[in-house]
Amino acid sequence: MLPTDRDVRFGADAILQTADAVTALGASKVLLVCGGRSFKASGAVRLLDKLDDVAEVRRWSDYAPNTDAADLIEGLRIADEFEPDVIVGVGGGSAMDMSKLLCAYQSITDETELHDAIRANAPVTERSLKLVLAPTTSGSGSEATHFAVVYIGDSKNSIAGPAMLPDTVIIDPLLTLSSSTYQRATSGIDAFAQATESLWSVGATDTSRAYAAEALPLLFDALPGFVNEPDADNATTMALGSHLAGRAIDVSKTTAAHALSYGITKGYGPSHGHAVALTLGEFIAAHADADPTRLQPGISAAEHADAMRRVLDVLGSVDGDHARDRFRRLCEELGLEMRLSNVGVTTAEQAHALAGKVNVERLGNNPIRFETDELAALVTRAM
């Protein structure tokens, strides 16, 4: 069931409500942050028919898939010159994150000042711009979370704060149908990973577990059809499941598989969701079969066992090894290569390098403690 505590407009052709949402926010100038190709291909371009009647619109899509400070500074300069009332982000996770970051760092147009602000990592507690987010993929969950990622060179920075949440979310499942098979697979498996990790996260609460537990079977059942034979029904189920997964990680945050994924994507090229999937199966096995003495402080053995039971039940498994293998088969059914060695990670040195790049905060949110050598050994098992 879709949560009702935020302004979320959900359903077929919901994208046509963009003008109404902008009007309700009292805006007359819109900076539209969108994908260069996906905006038209997804059908999201239809929002302009009514939006142009209620606001002055400037479109911007000249940014890279992995949100970078070099692109962000250009967007901030455009926003400073245009002076919009609202940012409307339409696209995948990069469009969502870029839109949030434009709100978070509004009026910072000097590169050094921006880098300093990003590295300071201060919580984003206020903004003057309104924010509307409309995903065209089912998977990132960014429309539901209070954080965003931005790179300075190869350095990943996670920016968070309550003011990063949008005023209005528009989820139109039909927009997801035009994406490529690979994109549907990787974004969808990312949502599955978010729900899985949220269940076992140190930061999980009753609320986040409820969202994740509802999302996981929806995503598991809908993914093969959505990837291989997409239609309005499975797209709607995926859109709901991925939003629920996003709501879950908004509370719990993700864990070690996501932490490892950034180095895999940056160093070897697979998209974010694919990079997460490459190690998630090994984490499922490790977490399902771990000795309770390895649990992080504050995690009860009973709660962890219940979280893993939920994951294993969805995968139709009775132990960690079977669940890992079942997850891999699911990914292979989606057309994803599931060995790190086939994307370029072939040596122990590379495995250790990936383990050494992991964000320490994300490891602290993982239910099982991993030293760097143990993490490298897990990466090696995924090769």
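Here the residue numbers are simple positions, counted from 1 along each chain's written sequence. The predicted nature of this model means local features are confined to residues of pLDDT at least 70 and side-chain atom pairs, given and counted, to a pLDDT of 80 or more, with totals for whole chains, interfaces and linings taken over all residues. As a convention, hydrogens and water are excluded, and side-chain values are obtained from all of the structure's heavy atoms.

Would you take a moment to explain the pattern of salt bridges for this structure?
Should the charged atoms of two oppositely charged side chains come close, the side chains can pair. We define a salt bridge as a side-chain nitrogen of Lys or Arg found within 4 Å of a carboxyl oxygen belonging to Asp or Glu. A complete count under the given rule lists 19 salt bridges for this structure. Notably, a salt bridge pairs Arg209 with Glu303, separated by 3.5 Å at the nearest N-O pair. Of this pair, Arg209 sits in helix α8 (residues 206-228) while Glu303 sits in helix α12 (residues 301-314), and the two are 94 residues apart along the sequence. Glu282 is paired through a salt bridge with Arg328; the nearest N and O atoms lie 2.6 Å apart. Here Arg328 lies in helix α13 (residues 320-333) and Glu282 lies in helix α11 (residues 272-288), a separation of 46 residues in the sequence. Relative accessibility thresholds used throughout: buried, under 20% of the residue-type maximum; exposed, over 50%; partly exposed, between the two (1.4 Å probe, protein chains only). Residue Arg328 is classed as buried on the basis of its relative accessible area, which comes to 12%. Secondary structure elements are taken from DSSP: a helix is a run of H or I of four residues or more, a strand is a run of E of two residues or more, and numbering for both begins at the N terminus.

Explain the nonpolar core to me, please; I cannot follow it from the model alone.
The nonpolar side chains of soluble globular proteins are, as a tendency, buried together. By nonpolar core is meant a set of buried Ala, Val, Leu, Ile, Met, Phe, Trp, Tyr and Cys residues that side-chain atoms within 4.5 Å join together. With 68 residues, the main nonpolar core has Ile189, Phe192, Phe283, Ile284, Phe327 and Leu340 as its most contacted residues. In terms of residues, this core owes the most to one element, α8, which gives 10 residues. Note on contacts: a residue pair is in contact if any heavy atoms of the two residues lie within 4.5 Å. Apart from residues lying up to four places away in sequence, Ile189 is in contact with Leu223, Gly273, His274, Ala277, Phe327, Leu330, Cys331, Leu334 and Leu336. Of all hydrophobic cores here, the second largest spans 33 residues; its members include Phe82, Ala104, Ile108 and Leu114.

In this structure, what is going on with the packing of aromatic side chains? I would like to understand it.
Aromatic rings in a pair are described by how distant their centres are and how their planes are angled relative to each other. Pairing of aromatic rings covers Phe, Tyr and Trp, the last through its six-membered ring, and needs centres within 6.5 Å; plane angles under 30 degrees mean stacked, over 60 mean edge-to-face, and all others mean tilted. The full count for this structure, using the stated rule, is four aromatic pairs. Consider the rings of Trp60 and Tyr63, whose centres lie 5.3 Å apart with planes at 55°: the pair is tilted. Tyr63 gets classed as buried once you look at its relative accessible area, which sits at 15%. Pairing Phe192 with Phe327 gives two aromatic rings, centres 5.9 Å apart and planes at 20°, and the pair type is stacked. Residue Phe192 is found in helix α7 (residues 181-200), and its partner Phe327 is found in helix α13; the two are separated by 135 residues along the sequence. Residue classification places Phe192 among the buried residues on the basis of a relative accessible area of 0%. An aromatic cluster is present here, built from Phe192, Phe220 and Phe327 joined pairwise through their rings. Consider the ring centre and the ring normal. A charge sits over the ring if Lys NZ or Arg CZ is within 6 Å of that centre and within 35 degrees of that normal. The cationic tip of Lys156 hangs over the ring face of Tyr262; the distance from NZ or CZ to the ring centre is 4.3 Å.

Looking at this structure, how should I read the sheet that holds strand β1 (residues 8-10)?
By this definition, two strands are paired if DSSP reports at least two bridges between them. Here six strands make up an open sheet; going across it, the order is β1-β8-β5-β4-β2-β3 and the pairing parallel. For this open sheet the edge positions go to β1 and β3 (56-60), each flanked by a neighbour on one side alone. Adjacent strand axes in the sheet meet at a mean angle of 15° when their direction is disregarded. As paired elements, strand β2 (residues 29-34) and strand β4 (residues 86-91) share five bridges and run parallel to each other. Looking at the pairing, Val33 lines up with Gly89 of β4. Here, axes are lines fitted to C-alpha atoms. For helices the fit covers the stretch in contact, and angles between N-to-C directions go from 0 to 180 degrees. Where helix α4 (residues 69-82) meets the sheet, it contacts β2 and β3, and its direction lies at approximately 165° from that of β3. Running at roughly 160° to β1, helix α9 (residues 232-252) makes contact with β1 and β8 (168-171) of the sheet.

What am I meant to see in the confidence of the model for the protein here?
For residues with low pLDDT, the predicted coordinates do not support detailed interpretation. Per-residue confidence for the protein averages 95 on the pLDDT scale, and 100% of its residues sit at or above 70. Across the protein, the element-wise mean pLDDT spans from 77 in helix α15 (residues 360-364) up to 98 in strand β5 (residues 130-135). For every residue, the predictor states its confidence as a pLDDT score lying anywhere from 0 to 100.

It is not clear to me how the packing of α4 against helix α6 (residues 111-120) should be interpreted in this structure. Could you clarify?
The packing of two helices is summarised by the inter-axis angle and the distance between the axes. Orientation of α4 relative to α6, taken along the N-to-C sense of each, is 115°, at an axis distance of 10 Å. Note on packing geometry: the crossing formed by α4 with α6 is right-handed. Along the contact surface, α4 presents Ala69, Leu72, Ile73, Leu76 and Arg77, while α6 presents Glu111, Leu114, His115 and Ile118. Three categories are distinguished: nonpolar for Ala, Val, Leu, Ile, Met, Phe, Trp, Tyr, Cys and Pro, charged for Asp, Glu, Lys and Arg, and polar for the others, with Gly belonging to the last. Considered class by class, the residues forming the contact of α4 with α6 number six nonpolar, one polar and two charged. Throughout, a crossing is termed right-handed when the near helix is turned clockwise from the far one, and left-handed when it is turned anticlockwise from it by less than a right angle.

Please explain α11 as it appears in this structure.
Helical geometry note: an α-helix holds 3.6 residues per turn, so side chains three or four residues apart project in the same direction. A rise of 1.5 Å per residue sets the reference length of α11, with its 17 residues, at 24 Å; its end C-alpha atoms lie 24 Å apart and thus fit the reference within 8%. The angle between axes fitted to the seven-residue stretch ending at a residue and the seven-residue stretch beginning at it gives the bend at that residue. Residue Thr279 marks the point of greatest curvature in α11, where the axis turns by about 35°. Most of α11 is tucked away, with 15 of its 17 residues classed as buried. Expected helix span is taken as 1.5 Å per residue step, with the number of steps being one fewer than the number of residues.

Got a minute to help me understand unusual backbone geometry in this structure?
Negative phi is the rule for most residues except glycine; trans is the rule for most peptide bonds. You will see that Glu83, though not glycine, has its phi angle at about 55°, which is positive. In this fold, Glu83 is placed in the loop between α4 and β4.

Help me out: how do you make sense of the pairing of strand β7 (residues 155-160) in this one?
Taken residue by residue, a regular strand's side chains alternate between the two faces of the sheet. Judged from the six bridges that link them, strand β6 (residues 147-152) and β7 form a sheet pairing that is antiparallel. Residue pairing in the sheet places Ala148 in a bridge with Ile159 of β7. Connecting the antiparallel pair β6 and β7 is a turn made up of two residues, with Gly153 showing a positive phi of about 65°.

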